[in-house]
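Below, each chain spelled out in residue letters.
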Amino acid sequence: MAELPSCCRPCTTCLLCLYSCRWISAKKEKRKGLRTTKCDCSWFLFLFCVFLFTLVWLYFAMVILNDFHNFNEFIYKHKKLWLDWSLVLLIATAVLITYSAVLLVLALCLQLCGQPLKLHWVHKSLLILTTLVVAAAFTGLGIKWAEEWRSARISLQATGPFLHIGIVGGMTLLAWPLASFIYRSCSTGLKVFLLLVYCAVMIALYLAPLAITSPCLMEENQLPPKPALVGHRGAPMLAPENTLMSLHKAVGCDVQVFETDVMVSADGVPFLMHDEKLTRTTNVQAVFPERASLNSTAFNWTDLQQLDAGSWFLERRPFPTVQSLSVGDRNQASKQKIPSLEQVLEAAKQSNISIMFDLRPENHTDYQSFVNATLDTILQSGIPLQQILWLPDGFREQVKQQVPGVQQVYGRKRLRNEKEPLLHVNLPYQDMSSEEIRQYRRDNVSVNLYVVNQPWLFSVLWCAGVSSVTTNACQVLKEMKHPIWLLPSSTYLMIWIVADCVSFLMILWAFLLVKKCSKRRQPAESETDVLLTKINSLMQE
């Protein structure tokens with residue numbers, strides 16, 4: 001190992017202390033003759049893999065943030081515990097990625113300084129624990145939330161070109177410590193193996209854009225119109241969901257459709273409610289504690305009007321935006337009641353906004369009477385029927401006959417032998433590819449995808465040509481005047497070629513420079529070794 005300048009010794013000593021958990025100077029380390037063994041190299045390789053593993057999980061964590069409100073509702077439904085679990089996820093992920101990244105940087109610095117990579121057993125144990133935690137997270141994701149794998153594939157359409165450039169840059173920087181290790185190592189087989197692996201990875205990265213596709217790789221004049229916004233239960237980030245306040249906030253966000261859920265009370269009054277039980281979005285446990293576990297349809301309209309449907313929003317803060325509400329909005333939210341369908345239809349008529357709803361619960365024994373009560377309310381409201389978008393599949397033919405002017409929206413794709421052509425479909429955003437969206441657009445079929453909250457996802461669907469999206473974040477998507485990025489294919493081709501050429505030249509320069517420096521150090525190292533040998537001989541005599 002080369003003799004370090006005196007100014008570098010304290011730094012190297014600190015690096016050794018943090019990585020090996022031993023406070024020993026680099027000079028003493030040299031005298032002890034410690035070198036990096038094959039076992040040490042294996043642990044460094046394991047450290048590098050753990051870092052990549054946690055980095056991939058960080059990417060997944062950022063992707064699933066779009067749907068994390070569903071996870072929060074799932075936990076509350078089963079555990080009766082409300083918490084913004086996305087914060088827990090991000091903090092835990094940040095700790096894991098920071099720890100593995102710091103260890104990797106320490107190892108690379110020690111390698112550049114020519115010091116042995118003696119990873120302490122505590123770090124080894126923590127790295128194994130990190131691997132198990134991330135593996136458990138991926139396993140849980142695959143079992144309970146499998147659709148997020150499709151979300152990750154869609155996200156690559158938004159991030160693929162930039163991930164490619166970032167990974168090429170990272171692997172290019174890795175050429176410096178790799179070259180340093182190769183010129184210091186005495187094992188020919190290990191050097192050849194590492195070089196072959198590195199070259200194979202770089203060639204694959206250089207050619208990766210051949211497999212990268214994105215609907216946003218297009219000319220500006222090819223960009224479809226901005227998708228219309230559908231308020232998911234209104235504007236749930238700005239007001240309690242499924243309330244009149246939420247509807248009015250959605251109108252203020254230029255939402256064209258108010259998406260909601262309808263149930264029918266025990267005395268036949270349709271009202272707005274998503275959950276089968278009232279515990280999450282009302283104070284039913286305080287007003288009717290002995291009946292709190294009953295389904296929403298077991299209450300009559302008089303009982304439902306006694307419930308507070310807004311205070312929970314201020315207490316539990318289902319979205320971070322609740323903290324920034326004005327005093328007036330807070331007061332208004334605390335006074336919200338469960339609205340009837342009649343009240344909502346009147347508000348929609350005055351605001352000239354359409355309403356799309358599901359009728360729940362579909363498996364109820366009185367479901368046909370629910371359909372009849374809902375249709376009667378629609379007809380009595382006087383709202384133009386074209387403003388009603390009907391989602392329920394049950395008794396759809398009856399609905400077509402009684403109110404033929406209502407727009408029928410289907411929660412499925414087209415069938416091959418479709419008797420009646422579909423004009424409107426409403427699907428999860430994971431269920432339709434960009435090619436299918438384009439084909440439906442060419443066939444004049446309106447496609448609404450749900451639930452789209454993140455700008456990156458909205459941008460991809462915008463470029464693909466989707467008609468509308470259902471969102472919780474209407475106030476965010478309203479402000480988007482353009483997709484996050486839009487690149488002509490020719491421009492991306494130029495960026496790809498330039499990035500690959502710069503990377504290749506930097507790698508070549510790194511190996512040549514490290515080789516030149518290593519040759520200069522060899523005579524100095526030989527003289528130092530001879531001097532140390534003479535000193536040891538004199539001391540023995």
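This text goes with the structure placed above it.
Rules and cut-offs
Residues numbered from 1 in each chain as written. Predicted model: local features only at pLDDT ≥ 70, side-chain atom pairs only at ≥ 80, totals over all residues. Heavy atoms only, no water. Patch = residues over 30% accessible without salt bridge, like charges linked within 9 Å, V, L, I, M, F, W, Y side chains within 5 Å. Areas by Shrake-Rupley, 256 points an atom, 1.4 Å probe, with all protein chains shown as cover. Salt bridge = Lys/Arg side-chain N within 4 Å of Asp/Glu carboxyl O. Helix = DSSP H or I, 4+ residues; strand = E, 2+ residues; numbered from the N terminus. Phe/Tyr/Trp six-rings, centres within 6.5 Å; stacked < 30°, edge-to-face > 60°. Lys NZ or Arg CZ within 6 Å of the ring centre and 35° of its normal. 1 Å grid on protein atoms, 1.4 Å probe; cavity = no way out; pocket = protein on both sides within 12 Å on 5 of 7 lines; lining within 4 Å. Points joined across faces, edges and corners; volume = space filled by probe spheres on them. Nonpolar A, V, L, I, M, F, W, Y, C, P; charged D, E, K, R; others polar. Contact = heavy atoms within 4.5 Å. Buried < 20%, exposed > 50% of the residue type's maximum accessible area, 1.4 Å probe, protein only.

**Q** Can you tell me about a nonpolar patch on the surface, naming the residues and giving the values?
**A** Taken together, the side chains of Trp121, Val122, Leu126, Leu129 and Val133 define a hydrophobic patch exposed on the protein surface, amounting to about 460 Å² of accessible area. Checked against the element boundaries, Val122 lands in helix α6 (residues 121–144).

**Q** I'd like a description of the packing of aromatic side chains, backed by residues and values.
**A** Per the counting criterion, the structure on display carries 18 aromatic pairs. Geometrically, the ring pair formed by Trp57 and Phe138 is edge-to-face, given 5.1 Å between the ring centres and 75 degrees between the ring planes. On the criterion of sequence distance, the pair formed by Trp57 in helix α3 (residues 38–64) and Phe138 in helix α6 is long-range, its members being 81 residues apart. Measuring from centroid to centroid gives 5.3 Å for Trp176 and Trp509, while their planes differ by 90 degrees, and the two rings are edge-to-face. Of this pair, Trp176 sits in helix α8 (residues 175–184) while Trp509 sits in helix α21 (residues 489–540), and the two are 333 residues apart along the sequence. Three or more aromatic residues joined by ring pairs make a cluster, and in this case those are Phe53, Trp57, Phe60, Phe138 and Trp149. The ring of Trp312 has Arg280 lying over it, and the distance from NZ or CZ to the ring centre is 5.8 Å. Sitting over the ring of Phe288, Arg291 keeps its end group 5.1 Å from the ring centre.

**Q** Any chance you could break down the layout of surface pockets for me, citing the residues and the numbers?
**A** Roughly 900 Å³ of volume is contained in the second largest pocket. Lining the second largest pocket we find 30 residues, and of these Leu52, Leu55, Leu163, Gly166 and Ile167 sit closest to its centre. Only α3, α5 (85–112) and α7 (147–173) provide two or more residues apiece to the lining of the second largest pocket. The greatest single-element share of the lining of the second largest pocket, amounting to twelve residues, is contributed by α7. A class-by-class count of the residues in the lining of the second largest pocket yields 23 nonpolar, six polar and one charged.

**Q** If you had to explain the environment of Leu96 to someone new, which residues and values would you point to?
**A** The residue Leu96 is located in helix α5 in this model. Along the primary structure Leu96 and Gly140 are separated by 44 residues, whereas in three dimensions their C-alpha atoms are 18 Å apart. With near-sequence residues (within four places) excluded, Leu96 lies in contact with Thr54, Thr130, Val133 and Val134.

**Q** Could you give an account of the pattern of salt bridges, naming the residues involved and the relevant values?
**A** Enumeration over the complete set of coordinates arrives at 17 salt bridges. Here Glu418 and Arg412 are joined by a salt bridge, their closest N and O atoms 3.0 Å apart. Using a relative accessible area of 25% as the deciding quantity, one classes Glu418 as partly exposed. Between Arg414 and Asp443 there is a salt bridge, with the nearest N and O atoms lying 3.0 Å from each other. Here the residue Arg414 occupies a position in the loop between β6 (407–408) and β7 (424–428), and Asp443 occupies one in the loop between α18 (434–442) and β8 (446–450), the gap between them amounting to 29 residues.

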